[in-house]
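Architecture at a glance
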Amino acid sequence: DLRPNARLVETELAGWLKVSRTPLREALARLASDGLVETRRRGWVVREHTAREIGEIHEVRAALEGVAALLACQRASDAQIQEIVDFHHAQNRAKLEMPASDYLVEYNDAFHEAVVAAAGNERLRDFIRRNREFFFTYRIARLYSEKEARASLNGHDDVVDALVHRDGERAERAMRQHILEARDVIISKLF
């Protein structure tokens, strides 16, 4: 919820989160090791990523989630594939009833998590989860136009179709393309 370069005052954060300062300091150190906050002038600030870093993060994400889509085609049960299809169809109905920006982040996260879970590789799932903080956030979603938000959600169509047909190479390509298109929109909005 905090913007890049926002100053993080420990006493304020501790009060807001209702925790003591010791676990808060430990959490800030962990966030710093993850590259999400940094120290500046004897205090903490939310780290602002460069366009290059955002591009690199999305390239890694495209590679990891592309492999997850490929593995999901090979390993997912019919029930898991059907669950993804049903979830996707429910999203398609929802997008007729409300602006895409109202549900874009939740749906996008749930869709990608379902594909990653269907891959059946816990180590891959862990790598993807550990980097999720860098992905798609509410702040970024608010920058999307309605047309861009709908195009992003429609990017899932090809992934779902490839999953249904168990076409791993196409699923991998579609997932990579979807994520790299998101990268391009995000970079154009932030820089």
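Residue numbers restart at each chain and count upward from 1, following the sequence in its written direction. A pLDDT threshold of at least 70 governs which residues receive local features in this predicted model, and a stricter bar of 80 or more applies before side-chain atom pairs are shown or counted, although totals over entire chains, interfaces and linings include all residues. Heavy atoms throughout the structure, all of them, feed into the side-chain values; hydrogens and water do not.

1. Concerning the sheet that holds strand β3 (residues 43–46)
- Strand pairing follows a simple DSSP-based rule, namely that at least 2 bridges must link the two strands. For helices the rule is a DSSP run of H or I covering at least 4 residues; for strands it is a run of E covering at least 2, with both sets numbered from the N terminus onward. Ordered in space as β1-β3-β2, the three strands form an open sheet in which the pairing is antiparallel. The sheet terminates laterally at β1 (7–8) and β2 (37–40), the two strands that pair on one side only.
- Where β1 and β3 come together, two bridges link them in antiparallel fashion. Bridging from a neighbouring strand, Arg 7 pairs with Val 45 of β3.

2. Notes on the pattern of salt bridges
- We define a salt bridge as a contact between a side-chain nitrogen of Lys or Arg and a carboxyl oxygen of Asp or Glu at a distance within 4 Å. On inspection of all chains with the given rule, the structure shows 18 salt bridges.
- A salt bridge links Arg 125 to Glu 122, with the nearest nitrogen and oxygen atoms 3.5 Å apart. In this pair, Arg 125 and Glu 122 both sit in helix α6 (residues 122–130), three residues apart, roughly one turn of the helix.
- What you see here is one network of salt bridges that share partners, running through Glu 38, Arg 40, Arg 47 and Glu 53.

3. As for the packing of aromatic side chains
- The criterion for an aromatic pair is that two Phe, Tyr or Trp rings (for Trp, the six-membered ring) have centres within 6.5 Å, with stacked assigned to planes under 30 degrees apart, edge-to-face to planes over 60 apart and tilted to the rest. Tallied over the entire structure, the rule returns two aromatic pairs.
- Relative to Tyr 107, the ring of Phe 87 has its centre 4.9 Å away and its plane inclined at 20°; by these criteria the two rings are stacked. Of the two residues, Phe 87 sits in helix α4 (residues 78–97) while Tyr 107 sits in helix α5 (residues 104–118), which places them 20 residues apart along the sequence.
- Only protein chains enter the accessibility calculation, which uses a 1.4 Å probe; a residue is then buried when its area is under 20% of its type maximum, exposed when over 50%, and partly exposed in between. Phe 87 sits in the partly exposed class, given a relative accessible area of 32%.
- Residue Tyr 107 is classed as buried on the basis of its relative accessible area of 4%.

Function-wise, these values are silent; they only describe arrangement.
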